[in-house]
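Summary of structural features
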Amino acid sequence: MIDNRSLTIAVVGDVHDQWDAVGDRQALEILGVDLVLFVGDFGNEAVKLVQQVADLPFPKAVILGNHDAWYTASDWGRKKAPYDHAKEDRVQAQLEILGETHVGYGHLDLPEFQLSVVGARPFSWGGEKWKNEKFYGDRYGVHDFTESTALIEKNIAACQYETLIFLGHNGPTGLGSEPEDMCGRDWNPLGGDFGDPDFAQALAIARRQNKTIPLVTFGHMHHSLRHRKDRLRTQCQFSDETLYFNAARVPRIQTYNNGDRRHSFSVITLTQGRPTKAELVWVNPANQQQTRETLWSQPLSSLP
């Protein structure tokens, strides 16, 4: 079991080139977080930015997203690549920079917190159709959802701890099929669950093994909806003692006319190994001001 102290986790949603190496490090220090989770999409194979993330002096886990293999995973992407694939492999470069902190199709044991982080399928585009078969086959020996689930399951079995946090780029199926739902398709034809079925199957396996899963977090499906502007996408859902959290706040840095910049982070609090609060926090590193919005909370006394 996780230890009894409160654990504060910052989840960084889809970055899309919005990262300030100095400012974001300062913001994380101001927040005083214990652990940082990155859900991917740093940029279109943004190797230098990924190096900045790898250099952060905080416990962290990362999963790469579809944009992190934008010029590599698909045939059309390779045709648009601004570099020669015979001379460079920018996907592999990112993986080597991140090392063990990249948990896509892997896991990371964190003894200081008595938990393990398990990664879902990296570079996910979402949806029920298996995409980029050659890319996954060549790099991971995975050719379909069944083999993908088996690889995630293998990493569940290899974890040192019974308390698991799951980190994906896209979320699992089963969180709703309305366009406004956590992984709902908000483009035509509207509606449908665009989650990852292999991710959902791996979670079901972990539950059958009686693993404790306080948090499942991901991004990809941006909070701002394409089909309507009167509301945002549903960002969190709590069920089976697990908090499901979509951290894809895009754009994540706001710049004002006076030059002030606010950086967004999703902050999750675990107390005695259970989720008790989820917040959206905007931090101004220059003056250390924070603006906090509670998205979900539940006192520990009300949990079973």
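Look up a bit, the structure's there.
A short tour of the structure in this document, coming up.

What counts, and at which threshold
- Residues numbered from 1 in each chain as written.
- Predicted model: local features only at pLDDT ≥ 70, side-chain atom pairs only at ≥ 80, totals over all residues.
- Heavy atoms only, no water.
- Helix = DSSP H or I, 4+ residues; strand = E, 2+ residues; numbered from the N terminus.
- Axes fitted to C-alpha atoms, helices over the stretch in contact; angles between N-to-C directions.
- Parallel < 35°, antiparallel > 145°, perpendicular 65-115°, else oblique.
- Left-handed = near helix turned anticlockwise from the far one by under 90°.
- Contact = heavy atoms within 4.5 Å.
- Nonpolar A, V, L, I, M, F, W, Y, C, P; charged D, E, K, R; others polar.
- Buried < 20%, exposed > 50% of the residue type's maximum accessible area, 1.4 Å probe, protein only.
- Pairing = 2+ DSSP bridges.
- Salt bridge = Lys/Arg side-chain N within 4 Å of Asp/Glu carboxyl O.
- Phe/Tyr/Trp six-rings, centres within 6.5 Å; stacked < 30°, edge-to-face > 60°.
- Lys NZ or Arg CZ within 6 Å of the ring centre and 35° of its normal.

Points about unusual backbone geometry
Put simply, Asn 188 and Pro 189 share a cis peptide bond, and its omega is -5°. With respect to the element layout, Pro 189 can be found in the loop between strand S6 (163–167) and helix H7 (197–208). Following Val 250, the chain continues into Pro 251 via a peptide bond in cis, with omega recorded as 0°. Relative to the helices and strands, Pro 251 resides in the loop between strand S9 (242–246) and strand S10 (253–255). The residue Asn 132 is not glycine, and still its phi comes out positive at about 55°. With respect to the helices, strands and loops of the structure, Asn 132 is situated in the loop between strand S5 (115–119) and helix H5 (133–140).

What to know about the packing of helix H6 (residues 145–158) against H7
Where H6 meets H7, the axes come as close as 9 Å, and the angle between the chain directions of the two elements is 40°. Here H6 lies oblique to H7, going by the angle between them. Our pair here, H6 against H7, has a crossing hand that is right-handed. Residue-level inspection shows Phe 145, Ser 148, Thr 149, Ile 152, Glu 153 and Ile 156 of H6 in contact with H7, the latter providing Pro 197, Asp 198, Gln 201, Ala 202, Ile 205 and Ala 206. Here the contact of H6 with H7 is built from residues that sort into 7 nonpolar, 3 polar and 2 charged.

Focus: the pairing of strand S4 (residues 107–110)
Of the two faces of S4, the one holding Leu 108 and Leu 110 is buried and the one holding His 107 and Asp 109 is not buried anywhere. Sheet topology note: the S4/S5 ladder contains 4 bridges and is antiparallel. Residue pairing in the sheet places His 107 in a bridge with Val 118 of S5. Between S4 and the antiparallel strand that follows it, S5, lie 4 residues; Gln 114 among them carries a positive phi value of about 60°.

Points about the pattern of salt bridges
In total, this model carries 12 salt bridges according to the counting rule given. Measuring nitrogen to oxygen at the nearest pair gives 3.1 Å for the salt bridge that ties Lys 211 to Glu 162. With a gap of 49 residues between them, Lys 211 in the loop between H7 and strand S7 (212–218) and Glu 162 in the loop between H6 and S6 connect regions that are remote in the sequence. The closest approach of N and O atoms between Asp 230 and Arg 228, which form a salt bridge, is 2.7 Å. Among the residues examined, Asp 230 registers a relative accessible area of 58% and is labelled exposed. When salt bridges with common partners are traced through the structure, they connect Arg 121, Asp 196 and Asp 198 into a single cluster.

Regarding the side chain of Ser 264
Among the structural elements, Ser 264 can be located in strand S11 (residues 261–271). Looking at Ser 264, the relative accessible area reads 4%, which means it is buried.

Quick notes on the packing of aromatic side chains
In this structure the tally under the stated criterion is 15 aromatic pairs. Here the aromatic rings of Trp 70 and Trp 125 are separated by 5.3 Å at their centres, their planes lie at 20°, and the arrangement is stacked. Remark: Trp 125 occurs in the loop between S5 and H5 and Trp 70 occurs in the loop between strand S3 (60–62) and helix H3 (75–79); sequence separation between them is 55 residues. With relative accessibility at 19%, the residue Trp 70 sits in the buried group. We classify Trp 125 as partly exposed; its relative accessible area is 22%. Aromatic rings pair up to connect Tyr 105, Phe 123, Trp 130, Phe 135, Tyr 136, Tyr 140 and Phe 145 into one cluster. Just above the ring of Phe 265 sits the side chain of Arg 252; from NZ or CZ to the centre is 5.0 Å.

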